[in-house]
Structures are given as structure tokens and as C-alpha cells.
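Residue-level listing of the chains:
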Amino acid sequence: MSDPTDPSVLATDLREALRPLWRRFHAHRTLSMGKTGILFRLDHHGALTATDLAALERISHQAVAGAVRELEEMGLVSRSPDPADGRRVLITLTDSGRTRLISERSAGQEWLVHAITGGLSESERATLAAAVPLLNRLDAEGPG
């Protein structure tokens, strides 16, 4: 029998546990995770360049450029010259983009709240709450 605390076993178990939850949580979203991430970063940080977005989202500059082009066509972001450096282009979240981000972020929330409420005891919810900072640390400290 394998040791559930062994990092390789734990990584596999965690990935396999999160995959179906992630799918269910995102089943009602209409934008890709990448596009939603871009909208979130713009909402959180304000106007950014495509290079900044690529670094924050840990995706290629080309992927950001394509997503921003599509988001701009949808009216969710706008582009304008950087007032401090006219060679750079700043990408900004529009009011429509902010509204859409709120909608995208709430998709799946009701299902997850119901699953936590109906499927976990008080002590299990406390255990889950204690795991959240650890999961956040894995993202912040882990290799890109």
C-alpha cells in the first residue's frame, strides 16, 4: 500500500480529486479560463500591457495577444497607448468586461456552496478551509 503523504502519490491524488470538481465548477462558464483570468487580472491590477498579462497568467505573449483581440471584439477590454510611453499599449477592462467577469466568477458558485453545505460536516468544512491557504501557497511557491 502506498503512503498517501508521499509527494508523488499526493500530487496524483490531488490532481485526480480536483479534476472533476474543476469541470463541474466551470460547466456553466461561457469564457475560457484564460480569458477569465485576463479579465480578473485587469480588474485586480488595472490597465496592463500584454507582456504583463502573459507574466501574470503564466502563458505566452502570443496566447495573450489572441485572447485580448477576441475580448476586444466582444467589447470586454479596450486598448490605448500608454501615456507614459507611447510605444506601449495598455489593455483596460471595460464596464461590460467587469459585468461579464462578475457573471463568469459566479458561475458554478451556487453548485459549490450547495456541495459544501450538503456534503460536508462542520469539521470537514474546517479541514477544507485549512487547506485553502496551503493550495494558494502551492501556486505561489511552485515552479511555473
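Everything in this summary refers to the structure shown in the same document. Since the structure is predicted, the reported quantities are computational estimates derived from the model, not experimental observations.

**A word on the overall build of the protein**
For the protein, the count of helices and strands is 7 helices and 2 strands. Along the chain direction, N to C, the helices and strands of the protein fall in the order α-α-α-α-β-β-α-α-α. Whereas a compact globule of 144 residues would reach a radius of gyration of roughly 15 Å, the protein reaches 19 Å, over 25% beyond that. Each of the 144 residues in the protein was classed as buried or not, and the buried ones make up 24%. Of the contacts made within the protein by residues no fewer than 6 positions apart, 49% connect residues no fewer than 24 positions apart.

**Points about the environment of Leu53**
By the element assignment, Leu53 lies in helix H3 (residues 50–57). C-alpha separation for the pair Leu53 and Leu39, spaced 14 residues apart in sequence, amounts to 9.8 Å. Setting aside residues up to four positions removed in sequence, Leu53 forms contacts with Ile38, Arg41, Leu42, Leu48, Val64, Val68 and Ile91.

**Thoughts on the packing of helix H2 (residues 33–45) against helix H5 (residues 95–106)**
Across the interface, H2 lies against H5 with an axial gap of 10 Å and an inter-helix angle of 120°. On the basis of their axis angle, the class for H2 and H5 is oblique. Relative to H5, H2 is oriented so that their crossing is left-handed. Facing Thr36, Leu39, Phe40 and Asp43 of H2, the residues of H5 in contact are Gly97, Arg98, Leu101, Glu104 and Arg105. Residues that form the contact of H2 with H5 fall into these classes: 3 nonpolar, 2 polar and 4 charged.

Definitions and limits used
- Residues numbered from 1 in each chain as written.
- Predicted model: local features only at pLDDT ≥ 70, side-chain atom pairs only at ≥ 80, totals over all residues.
- Heavy atoms only, no water.
- Helix = DSSP H or I, 4+ residues; strand = E, 2+ residues; numbered from the N terminus.
- Rg over C-alpha atoms; globule rule 2.2 N^0.38 Å.
- Buried < 20%, exposed > 50% of the residue type's maximum accessible area, 1.4 Å probe, protein only.
- Contact = heavy atoms within 4.5 Å.
- Axes fitted to C-alpha atoms, helices over the stretch in contact; angles between N-to-C directions.
- Parallel < 35°, antiparallel > 145°, perpendicular 65-115°, else oblique.
- Left-handed = near helix turned anticlockwise from the far one by under 90°.
- Nonpolar A, V, L, I, M, F, W, Y, C, P; charged D, E, K, R; others polar.

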